[in-house]
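Given next are the chains, with one letter for each unit.
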There are 2 protein chains.
Amino acid sequence: MTEAESAPSVRPAFSFAVTHEDPRGSARCGRLVTGHGEIATPVFMPVGTAGAVKALTFEAVWATGTRLILGNTYHLYLRPGHEVIARLGGLHRFEGWDGALLTDSAGYQVFSLAALMRIDDHGVEFRSHLDGSRHVFTPELSMEVQLALGADIVMALDHCPPYGVEPAEVAAAVDRTTAWARRCREVFGGRTWRRGWERVLFGIVQGGVLPAERRRSAGELRALDLAGYAIGGLSVGEPVAALREMTELTAGLLPRDRPRYLMGVGFPDDIAAGVLAGVDMFDCVLPTRMARNGTALTADGRLVVKNSTYARDERPLAPDCPCPVCRRHSRAYLRHLFNAREILGPVLTTTHNLHFYQDLMRELREAIREGRLAEQAARVTARWQEGEAARRAEIARGQG
Amino acid sequence: MTEAESAPSVRPAFSFAVTHEDPRGSARCGRLVTGHGEIATPVFMPVGTAGAVKALTFEAVWATGTRLILGNTYHLYLRPGHEVIARLGGLHRFEGWDGALLTDSAGYQVFSLAALMRIDDHGVEFRSHLDGSRHVFTPELSMEVQLALGADIVMALDHCPPYGVEPAEVAAAVDRTTAWARRCREVFGGRTWRRGWERVLFGIVQGGVLPAERRRSAGELRALDLAGYAIGGLSVGEPVAALREMTELTAGLLPRDRPRYLMGVGFPDDIAAGVLAGVDMFDCVLPTRMARNGTALTADGRLVVKNSTYARDERPLAPDCPCPVCRRHSRAYLRHLFNAREILGPVLTTTHNLHFYQDLMRELREAIREGRLAEQAARVTARWQEGEAARRAEIARGQG
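Here goes a summary of the coordinates provided. (Residues numbered from 1 in each chain as written. Chains lettered and ligands numbered in written order. Predicted model: local features only at pLDDT ≥ 70, side-chain atom pairs only at ≥ 80, totals over all residues. Heavy atoms only, no water.)

## A word on the overall build of chain A
Here is step 1: Within chain A, the secondary structure is distributed over 15 helices and 18 strands.
Here is step 2: The dimensions of chain A, computed from C-alpha atoms along their principal axes, are 60 × 45 × 45 Å.
Here is step 3: Sequence separation of 24 or more characterises 66% of the internal contacts of chain A that already satisfy a separation of 6 or more.
Here is step 4: Of the accessible surface of chain A, which amounts to about 14,900 Å², a share of 50% is contributed by carbon and sulfur atoms.
Here is step 5: Across chain A, the mean location of the 48 positive side-chain charges is 4 Å away from that of the 47 negative side-chain charges. (Helix = DSSP H or I, 4+ residues; strand = E, 2+ residues; numbered from the N terminus. Contact = heavy atoms within 4.5 Å. Areas by Shrake-Rupley, 256 points an atom, 1.4 Å probe, with all protein chains shown as cover. Lys, Arg positive; Asp, Glu negative; His and termini not counted. Charge placed at Lys NZ, Arg CZ, Asp CG, Glu CD.)

## Let's talk about the interface of chain A and chain B
Here is step 1: Each partner contributes residues to the interface: chain A has 39 residues there, and chain B has 39 residues.
Here is step 2: Applying the counting rule to chain A against chain B returns six salt bridges.
Here is step 3: One salt bridge in this structure joins Arg-328 of chain B and Glu-59 of chain A, with 3.6 Å as the shortest N-O distance.
Here is step 4: Counting across the interface, chain A meets chain B through 14 residue pairs in polar contact (both at pLDDT 80 or more).
Here is step 5: Of all the secondary-structure elements, those providing two or more residues to the side of chain A that touches chain B are helix H1 (58-63), helix H3 (82-87), helix H4 (91-95), helix H12 (324-328), helix H13 (331-339) and helix H14 (344-369) of chain A. (Salt bridge = Lys/Arg side-chain N within 4 Å of Asp/Glu carboxyl O. Polar contact = N/O pair within 3.5 Å; in protein donor to acceptor, adjacent residues only side chain to side chain.)

## Some thoughts on the sheet that holds strand S2 (residues 28-34) of chain B
Residues and elements named next belong to chain B.
Here is step 1: Spatially, S1-S2-S3 is the arrangement adopted by the three strands of the open sheet, whose pairing is antiparallel. Two strands lie at the open edges of the sheet, namely strand S1 (15-21) and strand S3 (37-41), each paired on one side alone. Strand-to-strand, the axes of this sheet are offset by a mean angle of 15°, without reference to chain direction.
Here is step 2: Both S1 and S2 contribute to a ladder of six bridges, which runs antiparallel. When the sheet's bridge partners are listed, Ser-15 is paired in S2 with Val-33.
Here is step 3: Here helix H14 (residues 344-369) sits on the sheet and contacts S1, S2 and S3; the angle it forms with S2, its principal contact strand, is near 120°. (Pairing = 2+ DSSP bridges. Axes fitted to C-alpha atoms, helices over the stretch in contact; angles between N-to-C directions.)

## With respect to the packing of aromatic side chains
All names here are of chain A.
Here is step 1: Counted by the stated rule, this structure contains 20 aromatic pairs over all chains.
Here is step 2: Both rings, one in Trp-62 and one in Trp-97, keep their centres 5.7 Å apart while their planes meet at 65°; by these two values the pair is edge-to-face. Here Trp-62 is found in helix H1, whereas its partner Trp-97 is found in the loop between H4 and strand S7 (100-103), with 35 residues between them in sequence.
Here is step 3: Trp-62 gets classed as partly exposed once you look at its relative accessible area, which sits at 40%.
Here is step 4: Judged by its relative accessible area of 3%, Trp-97 falls in the buried class.
Here is step 5: Grouped by ring-pair contacts, the aromatic residues Tyr-74, Tyr-77, Phe-126 and Phe-137 constitute a single cluster.
Here is step 6: Lying over the aromatic face of Trp-62, Arg-67 brings its terminal NZ or CZ to 3.6 Å of the ring centre. (Phe/Tyr/Trp six-rings, centres within 6.5 Å; stacked < 30°, edge-to-face > 60°. Buried < 20%, exposed > 50% of the residue type's maximum accessible area, 1.4 Å probe, protein only. Lys NZ or Arg CZ within 6 Å of the ring centre and 35° of its normal.)

## Let's talk about the nonpolar core
Here is step 1: Core analysis: the biggest nonpolar cluster contains 193 residues, and Phe-137, Ile-271 and Val-275 of chain A together with Phe-137, Ile-271 and Val-275 of chain B have the highest contact counts within it.
Here is step 2: Contacts of Val-275 of chain A, omitting those with residues within four sequence positions, involve Ala-27, Pro-42, Phe-282, Met-361, Leu-364, Ile-368 and Leu-373 of chain A. (Core = buried A, V, L, I, M, F, W, Y, C linked by side-chain atoms within 4.5 Å.)

## Examining the relation of the copies chain A and chain B
Here is step 1: Mapping chain A onto chain B is achieved by rotating through 180° and translating by 0.0 Å along the same axis, at an RMSD of 0.0 Å. Here the transformation between the copies is reduced to the relation of a two-fold axis. Nearest to the rotation axis, the C-alpha of Ile-343 of chain A is located 3.7 Å from it, this being the minimum over chain A.
Here is step 2: In this assembly, 100% of the residues forming the interface of chain A have copies in chain B that are likewise at the interface, indicating an isologous arrangement. (Least-squares fit on C-alpha atoms with pLDDT ≥ 70 in both.)

## Focus on unusual backbone geometry
Residue and element names in this part refer to chain A.
Here is step 1: The omega angle of the peptide bond from Thr-41 to Pro-42 is 0°, so this bond is cis rather than trans.
Here is step 2: Of note, Pro-42 is situated in the loop between strand S3 (37-41) and strand S4 (43-45).
Here is step 3: Notably, Asp-225 is not glycine yet its phi reads approximately 50°, a positive angle.
Here is step 4: Structurally, Asp-225 can be placed in the loop between helix H8 (211-222) and strand S14 (228-231).

## As for the pairing of strand S2 (residues 28-34) of chain A
Residues and elements named next belong to chain A.
Here is step 1: Among the seven residues that make up S2, six are buried, leaving the element largely enclosed by the rest of the structure.
Here is step 2: Two successive antiparallel strands, strand S1 (residues 15-21) and S2, enclose a turn made up of six residues.
Here is step 3: Sheet analysis places S2 next to S3, joined by five bridges and oriented antiparallel. Bridge pairing links Gly-30 to Thr-41 in S3.
Here is step 4: Once S2 ends, the chain turns through two residues before running back antiparallel as S3.

## Considerations on the sheet that holds strand S9 (residues 124-127) of chain A
All names here are of chain A.
Here is step 1: Strand order in the open sheet formed by three strands is S8-S9-S10, with antiparallel pairing between adjacent strands. One side of each edge strand has no neighbouring strand; the edge strands of this open sheet are strand S8 (115-119) and strand S10 (134-137). Taken pair by pair, the neighbouring strands of this sheet meet at an average axis angle of 25°, ignoring direction.
Here is step 2: When S8 meets S9, the two strands line up antiparallel, connected through four bridges.

## A few points about the pattern of salt bridges
All names here are of chain A.
Here is step 1: Taken as a whole and assessed by the stated rule, the structure comprises 56 salt bridges over all chains.
Here is step 2: The partner of Asp-175 in a salt bridge is Arg-216, and the shortest N-O contact between them spans 2.7 Å. One end of the pair, Asp-175, is in helix H7 (residues 167-188); the other, Arg-216, is in helix H8, and 41 residues separate them in sequence.
Here is step 3: Among the residues examined, Asp-175 registers a relative accessible area of 41% and is labelled partly exposed.
Here is step 4: The exposure class of Arg-216 is partly exposed, given its relative accessible area of 27%.
Here is step 5: Several salt bridges share partner residues, and in doing so they unite Asp-175, Glu-213, Arg-216 and Glu-220 into one network.

## Description of the packing of H14 of chain B against helix H15 (residues 373-396) of chain B
Residues and elements named next belong to chain B.
Here is step 1: Across the interface, H14 lies against H15 with an axial gap of 8 Å and an inter-helix angle of 150°. In terms of their interaxial angle, H14 and H15 are classed as roughly antiparallel. Residues Leu-360, Glu-363, Leu-364, Ala-367 and Ile-368 of H14 form the contact with H15, whose participating residues are Leu-373, Gln-376 and Val-380.
Here is step 2: By residue class, the composition of the contact of H14 with H15 is six nonpolar, one polar and one charged. (Parallel < 35°, antiparallel > 145°, perpendicular 65-115°, else oblique. Nonpolar A, V, L, I, M, F, W, Y, C, P; charged D, E, K, R; others polar.)

## A few points about the side chain of Thr-34 of chain B
Here is step 1: Residue placement: Thr-34 of chain B occurs in strand S2.
Here is step 2: A distance of 2.9 Å separates a polar side-chain atom of Thr-34 of chain B from the backbone nitrogen of His-36 of chain B.

## Quick word on the pairing of strand S13 (residues 197-205) of chain B
Residues and elements named next belong to chain B.
Here is step 1: Burial within S13 is extensive, with nine of its nine residues counted as buried.
Here is step 2: Going residue by residue along S13, you find Trp-197, Arg-199, Leu-201, Gly-203 and Val-205 tucked away on one face and Glu-198, Val-200, Phe-202 and Ile-204 tucked away on the opposite face as well.
Here is step 3: As paired strands, strand S11 (residues 153-155) and S13 are joined by three bridges and run parallel to one another. Within S13, the position partnered with Val-154 by the bridge is Leu-201.

## Considering helix H10 (residues 268-276) of chain A
Here is step 1: Of all nine residues in H10 of chain A, seven are buried, a share of seventy percent or more.
Here is step 2: Just downstream of H10 of chain A, Gly-278 of chain A is the residue with a positive phi angle, here 100°.

## Some details on H14 of chain B
Residues and elements named next belong to chain B.
Here is step 1: With 26 residues, H14 extends 37 Å between its outermost C-alpha atoms, agreeing within 8% with the 38 Å of an ideal straight helix rising 1.5 Å per residue.
Here is step 2: Counted residue by residue, H14 has 22 buried out of 26 residues, so it is predominantly covered.
Here is step 3: Looking at the residues trailing H14, positive phi occurs at Gly-371, about 70°. (Expected span 1.5 Å × (residues − 1).)

## Observations regarding the environment of Ile-204 of chain A
Residues and elements named next belong to chain A.
Here is step 1: Within the element layout of this structure, Ile-204 appears in strand S13 (residues 197-205).
Here is step 2: Sequence-wise, Ile-204 and Glu-394 are 190 residues apart; in three dimensions their C-alpha atoms are separated by 40 Å.
Here is step 3: When sequence neighbours within four positions are dropped, the list of residues in contact with Ile-204 reads Ser-105, Met-155, Ala-156, Asp-158, Thr-177, Ser-217, Leu-221, Ala-230, Gly-232 and Met-263.

## Quick word on the environment of Gly-37 of chain B
All names here are of chain B.
Here is step 1: Within the secondary structure, Gly-37 is located in strand S3.
Here is step 2: We classify Gly-37 as partly exposed; its relative accessible area is 34%.
Here is step 3: Each C-alpha atom, one on Gly-37 and one on Val-187, is 26 Å from the other, the two residues being 150 residues apart in sequence.

Structure representation (structure tokens):
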């Protein structure tokens, strides 16, 4: 690794400030300042797994209101390789994205995608899902790879066990996550300037659905005085009630002056609950992945675009949606595109879904600022859940 | 079919005017006025086969400078069906495209894609390439389908034999093409107002590579006094010299005050030759289809984006290209996108290729207006052919 720069560039240093707090709860609005732009929180980060938010140009991503994208360290390390990206100027320049970037630690992907071979205190050994090649990821390598990629926010390597493992395994994962975060902080320094912008390190709280382990994990990571904290180890198969409870518990354990990031969540009602619990940042593949599979997300639940019900439906995906897809295209047209396997089907549905998510976040931020978050969150939740219930009923009646 | 409207709407009637003629040759610049905008000629029409210019939003298509798109009657008739599209307001509204549209006659697709069952004076019987269903296309049905789709320019049903058939078959195809064009004109009326804009009928000259048959076909169609004329039956396997010769011969047989459309052509050197011969309109799947297969088109020939040569190449696809893809993205990034099978690879390469084609047309139009077409066409042809020759030499040396 090269020496950290001592003098800051003309780009601003990383900072986070809470700008509005919900007087009736834990929610807050804030401003994240990065070397690649300012971000209003609570923020939703679309996932740009392999150097692209799948199916969208970065102009189209920007037009949805997105200002912060998540890149997957695991994918980019394997292909095209972090050294290639570093030689080409880092991930911002490689992708052509002028906004801010966060890279994950690779921990979750190693556990969910790769063929896991061994995990010990040193690191995690796995085989690539692409070609079966063998790799060992350590906290030090995670930092090296993420510094090469050059995101504004990097994540400490964590151990993320699946839902349902024994308490002893959850505790061991917390131990390891703390030890690895400490090693990440040692090589990284907590925050560092490179190539003209500041990078900051976030830690990831583990602890499964065990309150005592969540408390221990949060306490140990807080002692490292990191720039931000993620709530990890959720959205891994646990019941919704556990997700809600652990989000609320963990958010409350984190420092008020640092951004709190709930990883891999979720549907609109999950996001509303997270915001109520005081979460500032979210990422999730749902809006992009479901779009590619022909499912639009609306305030009233999922809409399976490919469904023959829509073959002559002149209405837009969501009648109250101001996005460019809903202003211009009918369900019948989108259904036709999926039916004819046109690339434009995933492109337009992804565009709508990301607009919907960014509008959802904007409305939640406005509600916090205007002191009416409880009502707005209840409305989001009720509409979504009623829509989903109606959809399930239709499927049960064979009309879905 | 419904009655034609008698009173024109606020949209302008169709017209074509030659605005500049090359004093040293047959080339000309013109202005096509349609109910959906004005188009500067010579014009290149991207192909929007099944209700989309594959991989691009219509905003992105518009941004390339495209103002006229070709839709495939055969594909849209089969899926989603012309009646569905008519019920949804016609093809412009169905797609959400505000510019002008031309629909082909379905003749070429029936001969090239479908399982042809029988062709006689009545029409052509075929099985769908989608589901094997049996259909009979007649001149009358072609007009009915195209009127339902609602394009600004519709094409008379033609009989397009492949290259290399016996002269008697070429002559029979000319006979049938004339008879069918006459029937199209009878049901269609040559030009007609429907739903507030005027639609006009173009005829298609056949005759293979036989000058006498080309002359006969052009003469018979001219007698029908159609709004425009296409040069069909080329780009079907004949040698390049025959394409050039037949284009020049046929263009010279067509009325000077009507647009001349060379169907299914071609590479940049083919287009330069067509413009020199006095052609006003071109369509071709090359820029869109090659893009999806990972090939960029540049002034210096093809560039196979997926090639590992480009894995660390920081240059844009074409260093002198002002398109948004070349301004923002490297070959290394595009190569990565194809390698990772990201939809964005085809999206960005299609964007570049269409920009390149529309820039090529704009430069040819400028050259005509400024009296330097011969030089410009020679430059386009030499650069393209030298680039292609170098590429073939690289492949032969095993470096391609």
